[in-house]
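Structural overview
These are the residues of each chain, in order.
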Amino acid sequence: MIWILVSVGVVLITIFLLYNSLVNKKNQTLNAFSGIDTLLKKRYDLIPNLVSAVKQYMKHEQGLFTRITELRTRAVTGDLPDDEKVAVGQEISGAIKGIMVAVENYPELKANENFFTASGRIE
Amino acid sequence: MRIFLQLQAALNEVEEQISAARRAYNASVLEYNNALEMIPTNVMAFMMLDEKRVRIKKKLVPLIALSAVIVIFSFGTAVCFKMDLSVMTVPFGICAILISGWYLKFYRDFAGSFKEQVIKKIMGFIDPGLSYDKDKSVSKDLFLESRIFQDRADRYGGDDFVFGRIGKTDIQFSEINVKRVEKTTSSTGIGLKRRTKTYTYPIFNGLFFVGDFNKAFEKKTIVLPDTAERIFGRLGQKLQSINAFHGELIKLEDPEFEKFFVVYGEDQVESRYILSTSLMAHIMDFRNKTKKDIFYPLSRQRYSSPFLMTGPFLNPVFLNPCWIFRKSKNILKIYRSQSALSRILI
């Protein structure tokens, strides 16, 4: 009799532990996702600065700027579902890369930057 | 311009952090999925399923015993009282009702959850690109489009729909059951009472496979097993050249292929364009492996191939434990050969 009780107890405890570990793992994934989310938000805050910093030099890349601003407003204002959040984030990554590549086409920007860093060192 | 430099550095940093966070997320998702699918939880689901099976099996045993008692008892009384043996239809009818009641109430439910829990996983395991729906089937339009059978398809049904994408080819297959219904009216003499009798003739019952074809073509070509030439030889070939339903006979240059198959098409050139040497070799190879008659109707960018099968295709046998699933080997064989065909077509 006691053995039956013990084995039932063991089975119950195993089920309990299994269930708990599953819930734990699920929460971990949610946590990891919110980690991505906060970082994405951090990047969204940097975008307006980037745009205003290079806009005046790069008159020919207006298309890139409007696109990235548009994407940003979409990401910041709307409460998007998770998979869309990731998709918008990826698009913004692409847009930022586009701007970084475009920067190379504007030697005055680069030159300026080199000048300032150089001058900074001299001071 | 220092602002820009700082910004660039900040953005790069965030970008790197995001990719790290993404990796962390992926790792935790993987762990969670593994825990969900791996042994303990899965085994629990399986055990529950098998308990269900044992339960419904137990319910059947007294039913069969009861039926046997009813039949023997009524047979005994019929013999004792020298009654006409046609009375026996009544006890047989009762037994049939009992057992079909069991089927409707318990077996269907069990088969449903078996398919949901076991077959779905098996299909996912065979190829991750495959999905499974236990209730749907290949659509009637696709069946009709293949134009392989000349009879009217009055009743069309099926289940165990498997669909998905292998490489770049969309494929689907399911069990289907097609019947033709014929109604005959006859007057039975006295009183000129008209009687309508309905007969159903099976047209096709088996696995029906449909896949995309890699070449663009307009007209229809059909590859049929060549029974006439094997039996009647030369004369058979003469007979074959007349077939109004399928179109013109296409004589192919491969004698080995010609021995086993006969090809009809609506366009001589197009049919030869479709049946390339590699496709013919594959069909031959498949035939040699299965030793079964193969049909390949090709029409409108698709090829389809029906397999005649005996018995239902993916149903559990309630006498065996759930983990003994005999038919999966059969399905695998058919699936492999078909997906090999799809790969050749890509």
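Residues numbered from 1 in each chain as written. Chains lettered and ligands numbered in written order. Predicted model: local features only at pLDDT ≥ 70, side-chain atom pairs only at ≥ 80, totals over all residues.

All names here are of chain A. Put simply, helix H1 (residues 2–55) and helix H3 (residues 82–103) touch, their axes get as near as 11 Å, and they point 35° apart. Seen along the crossing, H1 lies across H3 with a hand that is left-handed. Along the contact surface, H1 presents Phe33, Asp37, Leu40, Leu50 and Val54, while H3 presents Asp82, Lys85, Gly89, Ile99 and Val103. (Axes fitted to C-alpha atoms, helices over the stretch in contact; angles between N-to-C directions. Helix = DSSP H or I, 4+ residues; strand = E, 2+ residues; numbered from the N terminus. Left-handed = near helix turned anticlockwise from the far one by under 90°. Contact = placed C-beta atoms within 7 Å.)

What follows is about the interface of chain B and chain A. The partner chain A presents 26 residues to the 24 residues of chain B that form the contact. For the side of chain B that touches chain A, the elements supplying multiple residues, two or more each, are helix H1 (2–37) and helix H2 (39–80) of chain B.

Let us look at the packing of H1(A) against helix H2 (residues 62–77) of chain A. Residue and element names in this part refer to chain A. Between H1 and H2, the least distance of the axes is 10 Å, while the angle of their chain directions is 160°. In this view, H1 runs roughly antiparallel relative to H2, as classed from their interaxial angle. Here H1 runs over H2; the crossing is left-handed. Of the residues in H2, those in contact with Tyr44, Ile47, Val51 and Lys55 of H1 are Phe65, Ile68, Thr69, Arg72, Ala75 and Val76. Residue classes in the contact of H1 with H2 are distributed as seven nonpolar, one polar and two charged. (Parallel < 35°, antiparallel > 145°, perpendicular 65-115°, else oblique. Nonpolar A, V, L, I, M, F, W, Y, C, P; charged D, E, K, R; others polar.)

Now for unusual backbone geometry. Positioned with a positive phi, B:Asp160 is a non-glycine residue whose angle comes to about 55°. Among the structural elements, B:Asp160 can be located in strand E2 (residues 155–166).

All names here are of chain A. For H1, which comprises 54 residues, the first-to-last C-alpha distance of 79 Å matches the rise-based estimate of 80 Å (1.5 Å per residue) to within 8%. The sharpest bend along H1 reaches about 25° and sits at Leu46, with the proline Pro48 one to four residues further on. Taken together, the buried positions of H1 are occupied by Ala32, Ile36, Leu39, Leu40, Arg43, Ile47, Leu50 and Val54. (Expected span 1.5 Å × (residues − 1). Bend = angle between axes of the 7 residues up to and from the residue. Buried ≥ 20, exposed ≤ 12 C-beta atoms within 10 Å, placed from the backbone.)

Scope: geometric values only; no functional claims are made or implied.
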